[in-house]
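Examination of the molecular architecture
Spelled out from the first residue to the last, the chains are:
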Amino acid sequence: MTSDTQRLGVNIDHVATVRNARGGAYPDPVQAALLAVEAGADGITAHLREDRRHIRDADIAALKRSLSVPLNFEMAATDEMVAIALATRPHAACLVPEKREERTTEGGLDIVSGRESLAPRIRSLAGAGIRVSLFVEPEPAVMEAARALGAPVVELHTGRYCEAALEDDAARTAHELARLRHAAEHGAGLGLEIHAGHGLTRDSVGPVAALPQIRELNIGHALIADAIFVGLARAVQDMRAAMDRARRP
Ligand code: PXP
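All values derive from a computational prediction rather than experimental measurement.

Let us now look at helix α2 (residues 29-38). Every buried residue of α2 is accounted for by P29, V30, A33 and A36. Viewed along the axis of α2, the buried residues span an arc of 115 degrees, placing them on a single side of the element. Exposed and oriented more than 90 degrees from the buried face of α2 are Q31, L35 and E38. The elements touched by buried residues of α2 are β1 (7-11), α1 (13-22), β2 (43-47) and α3 (57-66).

As structure tokens, this is what we get:
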């Protein structure tokens, strides 16, 4: 990897969503993570939510044991999650806001009014050698607040840009992309490492991937969704073959 290569972090949460739909152990998110690494992922991201709706504690421990690439542990900034991170020692921890009722992480962390409670948690993670990133809205003032908190990395929330792109709203897409560009430039100028993610698809990733300051993209849902269309035909063929083999005289 050259110094200006952009890293791809593959989020495997939704492999666990499919597993949990039936209980049991299949499909195994760790096996999916290893496949993603074989295919070129530079890191694996997993979000242990407070309600454990997809990734479970045992998945995080197994990922940490099995991976040869960095594990990015997405977590709410709570005492429980900080304790798990300190026990697991992932390469990185990405602090995200979390609401029980939301379907996915809806907005960036409020690091301005949440400063008091975030600062000690960032310090204890960083003190354990874990690289802390803050999942935030792409706003220059937020970049400055992240810098003041001492986080080395911010992950820019690309959700609004992706929504506009999905709705084919060219003006709003351009506006949201410009917000990402300004925040990336401003944050990098302050010495922050810039990451981005949320909602990116093969169609919308290009303009974000082209922003030179963005060192890493974290992508999950669209990859697991695309895997259905890339892989379903093969899965049906394999099932057909298994049935036919069983009936061969
Ligand atoms: N980055 C962060 C901080 C996230 O919370 C998520 C969603 O878990 C992602 C990236 C990946 O988003 P998506 O699954 O929509 O690609």
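Having seen it, we continue.
The subject of this paragraph is the pairing of β2. Extensive coverage of β2 is indicated by the burial of five of its five residues. Where burial is concerned, the two faces of β2 agree: the one with G43, T45 and H47 and the one with I44 and A46 are both buried. Across four bridges, β2 lies against strand β3 (residues 71-76) in parallel orientation. Bridge pairing in β3 places H47 opposite E74. After leaving β2, the chain enters α3 and then returns to the sheet as β3, a path that is right-handed.

The rules behind the values
- Residues numbered from 1 in each chain as written.
- Predicted model: local features only at pLDDT ≥ 70, side-chain atom pairs only at ≥ 80, totals over all residues.
- Heavy atoms only, no water.
- Buried < 20%, exposed > 50% of the residue type's maximum accessible area, 1.4 Å probe, protein only.
- Helix = DSSP H or I, 4+ residues; strand = E, 2+ residues; numbered from the N terminus.
- Arc of directions from axis to C-beta.
- Contact = heavy atoms within 4.5 Å.
- Pairing = 2+ DSSP bridges.
- Right-handed = clockwise from strand over helix to strand, strands pointing away.

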